[in-house]
Amino acid sequence: MSVMTYREAVARGLREEMRRDKNVYILGEEVGVWGGAYAVTRGFLDEFGPERVRDTPIAEMAIAGCAIGSAMMGMKPVAELMTINFAILALDQIGNHAAKLHHMFNGQITCPIVVRTAAGWGQLAATHSQSLEVWFAHLPGLKVVMPGTPADACGLIKAAIRDPDPVVFIENSKLYNRKDEVPDAEYLLPIGKSDIKRRGRHITLVSWGRMIHETLDAAEQLKAEGVEAEVIDLRTLRPLDFEPVAASVRKTNRAVIVEEGWLSFGVGAELAARIQEECFDHLDAPVGRVAALEVPLPYSKPLEAMCIPGAPQIIAAAKKTLYRG
Amino acid sequence: MLLDSHTARAWYRQMRLIRVFEERAAQEYAKGHIGGFCHLYIGQEAVAVGAFAALQPQDHIITHYREHGHAIARGMDINGVMAELFGKATGVTGGRGGSMHLVDKDLHFWGGHAIVGGHLPIATGIAFGLKQQGGDGVVLCIFGDGASNIGMFHESLNLAAVWKLPVIFLCENNRYGMGTAVARASAVTNIRDKAQAYNIPGTDVDGQDPEAVYETMQNAVSHARAGKGPVLVEAETYRFVGHSMGDPERYRTKEERKEWQDHGDPINRFRRSLEERAIVTAEEFAGMDAEVDQQVEAAARFAHESPFPAGETLHRHIYVESAGGQP
Ligand SMILES: Cc1ncc(C[n+]2csc(CCOP(=O)(O)OP(=O)(O)O)c2C)c(N)n1
Ligand SMILES: [Mg+2]
């Protein structure tokens, strides 16, 4: 095991895959000379050269489209869309094209692209602070991966690159400096597998992406109060690996879903529906949900701090679900 | 150009005000009083001052996120702008928008916008509104060289041209979009030449010279005001500082930047030219410099002393309140 940052873990996965397969190439704004707006691809231009590390114009639609077309030709593009707020400018290419080609053309065409993008916030105001994973997770034909730890990021970026389908890989600007252990040997994780990050028997907490850390913090604090929470990290939103969630809820009889995005029509809404469909007879309390306040995020620090939940809100929701004061 | 002393002093003072304001913003950022993205305009001041001098009160402005200079040139209250950067209740959006989203509807300043290219289509709509409603106002839409490569630029120029909308598209070509030099991202390196694709006039101007910018913009504004449709103006300029705060600037040499700072500083150049032409005296410059310093000091004090917005305000204006304010 080596300790590395989330940034280094993504970079390691990318680098290994680029060394392994000449068809893997990176394109996006500022990925080359700058080294990536969040410095993930720093040094890549020197190692792989400008043919495989391509700075693009500011043109999200063309970046995604070029990835798609070259993937149809057998390349393995990793398109970086600087943040998820700008990724939605490419939603036509990703949603109307990448997600559709294989099925609509009856399997004749494949589209093995990876779109890397970053969610996150931090006094960036309404247009630059969004958690929009559900926009992508809604679309059949796409795979949506959202790792929260360095090891998961390393293992899943490699799997995403090898995957034959279009994968949207969502990082988080607030995770890049977070450190943890990553196995030294080559490390691949399957897409579509959730992970039990902590075992417990009183309540099931489900999360993904950055919020997994707030959830784990909450679980640790709950332990001091005698509550053993099980924490499930979905890691992939589509295809959703629901069975571990169902198995956990059948054991604990209680669930709280924790997300960074807005409550209404979010991933948590889908999960809550699935839990009541599949675990109705096992539930001892309504499924709890913790999510962002339903407002566009403001710039001002104290206002922004009110919008995104953390461990205190998760603990409160868990206690409510446990009928504890 | 024949510049009277009153105008010359006003322009110099405004350029200096933008510069000193932003130098102060950089200091406050370093101390943690300002957060998030903060894109400084240092080096480009002559574009704002020359361009806004060619506008009338009935005209409208929409711009991008590097807009402190645009806001100040339009006469936005600098106390409110500094307080906005601090995220305070007294800021021009009450702390909601921050540096990238300055707004003042009374000044017809329809916002800084931070999605690259996102405001160009909106500029066509403002111009369409003006045209349909029969006023003689025009729209000034400002963006960078990098923004001229995104689809929205092309869709907007085409629509504005087909419908002969009164809008001036002003591209501040500061040579880079983040770290990407123009020639690395644009097949046409003279941004003004992109006007040819839409059969509208395209001109360029020395963006370090407020008099030249003013004259070029006067022509562009007259063209649009006369109902002849849109114009693309390219102001050639240079950003003396990083893209935002904390830019390692690996994409350009120190020598290149120094060359511009030494020989292309718009404020020094204008001052020297006014001195040579004996339009403004040394005492007048000294007086203005002192006034500007005090004004910025007062703005910083105002921002420091202002309260943060109250938590309850967060839920206001998600929907129009006279309509109930709720979804
Ligand atoms: C659609 C979109 N893509 C990417 C970004 C990130 N970004 C912010 S500013 C910028 C560069 C813009 O360059 P230019 O238009 O030349 O303006 P300048 O910053 O030089 O004034 C980029 C890529 C963004 N804000 N919006
Ligand atoms: Mg630029």
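### Some remarks on the nonpolar core
Grouped together as the largest cluster of nonpolar side chains are 62 residues, with contacts concentrated most on Phe52, Leu140, Ile168, Met217 and Leu274 of chain B. At 9 residues, helix α1 (residues 5–30) of chain B tops the list of elements feeding residues into this core. Grouped together as the second largest cluster of nonpolar side chains are 45 residues, Ile170, Leu237, Ala246 and Val249 of chain A included.

### Comments concerning the coordination of the magnesium ion (ligand 2)
Residues and elements named next belong to chain B. The protein atoms that coordinate the magnesium ion (ligand 2) are Asp145 (OD), Asn174 (OD1) and Tyr176 (O), at distances of 2.1 to 2.2 Å. Here the donor residues of the magnesium ion (ligand 2) are spaced in sequence according to D-x28-N-x1-Y. Per residue, the accessibility class of Asn174 equals that of Tyr176, and both read buried.

### Some details on the domain arrangement of chain A
Residues and elements named next belong to chain A. Annotation of chain A at the domain level lists domain 1 (2–182) and domain 2 (195–323). Taking only C-alpha atoms into account, the centre of domain 1 sits 26 Å from that of domain 2. Taken together, the contacts link 30 residues of domain 1 with 26 residues of domain 2. Where domain 1 abuts domain 2, roughly 2300 Å² becomes buried across the two surfaces, and 58% of that area is made up of carbon and sulfur atoms. Looking only at domain 1, the three residues that lose the most surface to domain 2 are Trp121, Gln123 and Met146, adding up to 28% of its buried area. Our count for the contact surface shared by domain 1 and domain 2 stands at 2 salt bridges.

### Some thoughts on helix α4 (residues 78–85) of chain B
Residues and elements named next belong to chain B. With 7 of its 8 residues buried, α4 lies for the most part within the structure. The complete set of buried residues in α4 reads Ile78, Gly80, Val81, Met82, Ala83, Glu84 and Leu85. Elements in contact with the buried residues of α4: α1, α3 (68–73) and α11 (282–305). The backbone nitrogen of Asn79 has a side-chain oxygen 3.2 Å away, supplied by the residue at the start of α4, namely Asp77. Immediately downstream of α4, the backbone of Gly87 shows phi near 75°, a positive value.

### Points about the environment of Ala147 of chain B
Tracing the backbone shows Ala147 of chain B in the loop between β3 (139–144) and α6 (151–162). The exposure class of Ala147 of chain B is buried, given its relative accessible area of 7%. Along the chain, Ala147 of chain B and Phe270 of chain B lie 123 residues apart, while their C-alpha atoms are 28 Å from each other. If we skip the residues at most four places from it in the chain, Ala147 of chain B touches Ile58 of chain A together with Val116, Gly117 and Phe153 of chain B.

### Some points on the sheet that holds strand β6 (residues 143–145) of chain A
All names here are of chain A. Read across the sheet, 7 strands follow the order β3-β2-β4-β5-β7-β6-β12 without closing on themselves; strand pairing throughout is mixed. Looking along the sheet, the strands with just one partner apiece sit at the ends: β3 (53–55) and β12 (236–238). Across the sheet, the mean angle from the axis of one strand to that of its neighbour is 20°, orientation sign disregarded. Across 5 bridges, the pairing between strand β2 (residues 24–28) and strand β4 (residues 76–81) is parallel. Along β4, the bridge assignment pairs Tyr25 with Pro77. Against the sheet, helix α3 (residues 60–72) contacts β2 and β4, and its axis sits at roughly 170° relative to β4.

### Comments concerning the site of ligand 1
In the neighbourhood of ligand 1, 22 residues make up the surrounding shell, with Glu60 of chain A together with Tyr65, Arg66, Ala114 and Gly146 of chain B lying closest. Residues lining ligand 1 come from chains A and B. The separation between an oxygen atom of ligand 1 and a polar side-chain atom of Asp145 of chain B is 3.1 Å. Within the backbone of Ala147 of chain B, an N or O atom sits 3.0 Å from an oxygen atom of ligand 1. Surface burial for ligand 1 is 97%, taken as the share of its 580 Å² of free accessible area covered by protein chains.

### Observations regarding the interface of chain B and chain A
Contacts between chain B and chain A engage 41 residues on the former and 31 residues on the latter. Buried surface at the junction of chain B and chain A, both sides included, amounts to about 2800 Å², of which 70% is carbon and sulfur. The tally of links between chain B and chain A comes to 1 salt bridge. A salt bridge links Asp55 of chain A to Arg184 of chain B; the shortest N-O distance between them is 2.5 Å. Of the residues in the side of chain B that touches chain A, the class split is 20 nonpolar, 16 polar and 5 charged.

### Concerning the environment of Ala224 of chain A
Mapped onto the secondary structure, Ala224 of chain A falls in helix α9 (residues 211–224). Distance from Ala224 of chain A to Ala11 of chain A, taken between C-alpha atoms, is 37 Å for residues 213 residues apart in sequence.

### Concerning the packing of helix α2 (residues 45–53) of chain B against helix α8 (residues 210–225) of chain B
All names here are of chain B. At a closest axis distance of 7 Å, the pairing of α2 and α8 adopts a crossing angle of 40°. With respect to α8, the axis of α2 lies oblique. The hand of the α2/α8 crossing is right-handed. Contacts between α2 and α8 involve Ala46, Val47, Gly50, Ala51 and Ala53 from the first element and Pro210, Val213, Tyr214 and Met217 from the second. A class-by-class count of the residues in the contact of α2 with α8 yields 8 nonpolar, 1 polar and no charged.

### Description of the sheet that holds strand β9 (residues 195–198) of chain A
Residue and element names in this part refer to chain A. If you trace the 5 strands from one edge of the open sheet to the other, you get β9-β11-β10-β13-β14, paired in mixed fashion. The open sheet has two edge strands with one neighbour each: β9 and β14 (288–292). Taking each pair of neighbouring strands and ignoring which way they run, the sheet shows an average axis angle of 25°. Along the sheet, helix α13 (residues 311–321) makes contact with β10 (203–207), β13 (255–262) and β14, crossing β13 at roughly 145°.

### Concerning the pairing of β4 of chain A
Residue and element names in this part refer to chain A. Summarising burial for β4: 6 of the 6 residues are buried, a large majority. Residue alternation in β4 divides its side chains into two sets, Lys76, Val78 and Glu80 and Pro77, Ala79 and Leu81, and both sets are buried. The sheet contact formed by β4 and strand β5 (residues 114–119) spans 4 bridges and is parallel. In the sheet register, Leu81 faces β5, and the bridge partner there is Thr117.

Rules used throughout
- Per chain, residues are indexed from 1 in the order of the written sequence.
- Throughout, the order in which chains and ligands are written sets their labels, letters from A for the former and numbers from 1 for the latter.
- Only residues with pLDDT of 70 or above have their local features reported here, since the model is predicted, and side-chain atom pairs are shown and tallied only from 80 upward, although totals for entire chains, interfaces and linings are computed over all residues.
- Each side-chain value is worked out from all heavy atoms of the structure, with water and hydrogens disregarded.
- Throughout, nonpolar core names a set of buried Ala, Val, Leu, Ile, Met, Phe, Trp, Tyr and Cys residues whose side chains join them through atoms within 4.5 Å.
- Burial classes: relative accessible area under 20% of the type maximum marks a residue as buried, over 50% as exposed, and values in between as partly exposed (1.4 Å probe, protein chains only).
- Numbering goes from the N terminus for both helices and strands, where a helix is a DSSP run of H or I of at least four residues and a strand is a run of E of at least two.
- Only nitrogen, oxygen and sulfur atoms within 2.8 Å of the metal, or 3.2 Å for Na, K and Ca, are treated as donors, and water is left out, so sites may look incomplete.
- Boundaries between domains were set according to an automatic or database domain assignment.
- In what follows, residue pairs with any heavy atoms lying within 4.5 Å of each other are defined as contacts.
- Accessible area that two parts lose when put together, evaluated with a 1.4 Å probe and summed over both, is termed the buried area.
- Salt bridges are defined by distance alone: a side-chain nitrogen of Lys or Arg within 4 Å of a carboxyl oxygen of Asp or Glu.
- Definition of a polar contact: a pair of N or O atoms within 3.5 Å, with one able to donate and the other able to accept a hydrogen when the atoms are protein atoms, and with sequence-neighbouring residues admitted only if both atoms are side-chain atoms.
- For two strands to pair, DSSP has to find at least two bridges joining them.
- Comment: axis = line fitted to C-alpha atoms, over the contacting stretch for helices; angle = value between 0 and 180 degrees taken between N-to-C directions.
- Definition of nearness: a residue and a molecule or strand are near each other if at least one heavy atom of the residue lies within 4 Å of the molecule or strand.
- Accessibility throughout is a Shrake-Rupley quantity obtained with a 1.4 Å probe, and a residue counts as covered only by protein chains that appear here.
- Amino acids outside the nonpolar list (Ala, Val, Leu, Ile, Met, Phe, Trp, Tyr, Cys, Pro) and the charged list (Asp, Glu, Lys, Arg) are all regarded as polar, and Gly is one of them.
- Any angle that is under 35 degrees is reported as roughly parallel, and any over 145 degrees as roughly antiparallel; angles of 65 to 115 degrees are reported as roughly perpendicular and all others as oblique.
- For any helix crossing, the convention is left-handed if the near helix is rotated counterclockwise from the far helix by under a right angle, and right-handed if that rotation is clockwise.

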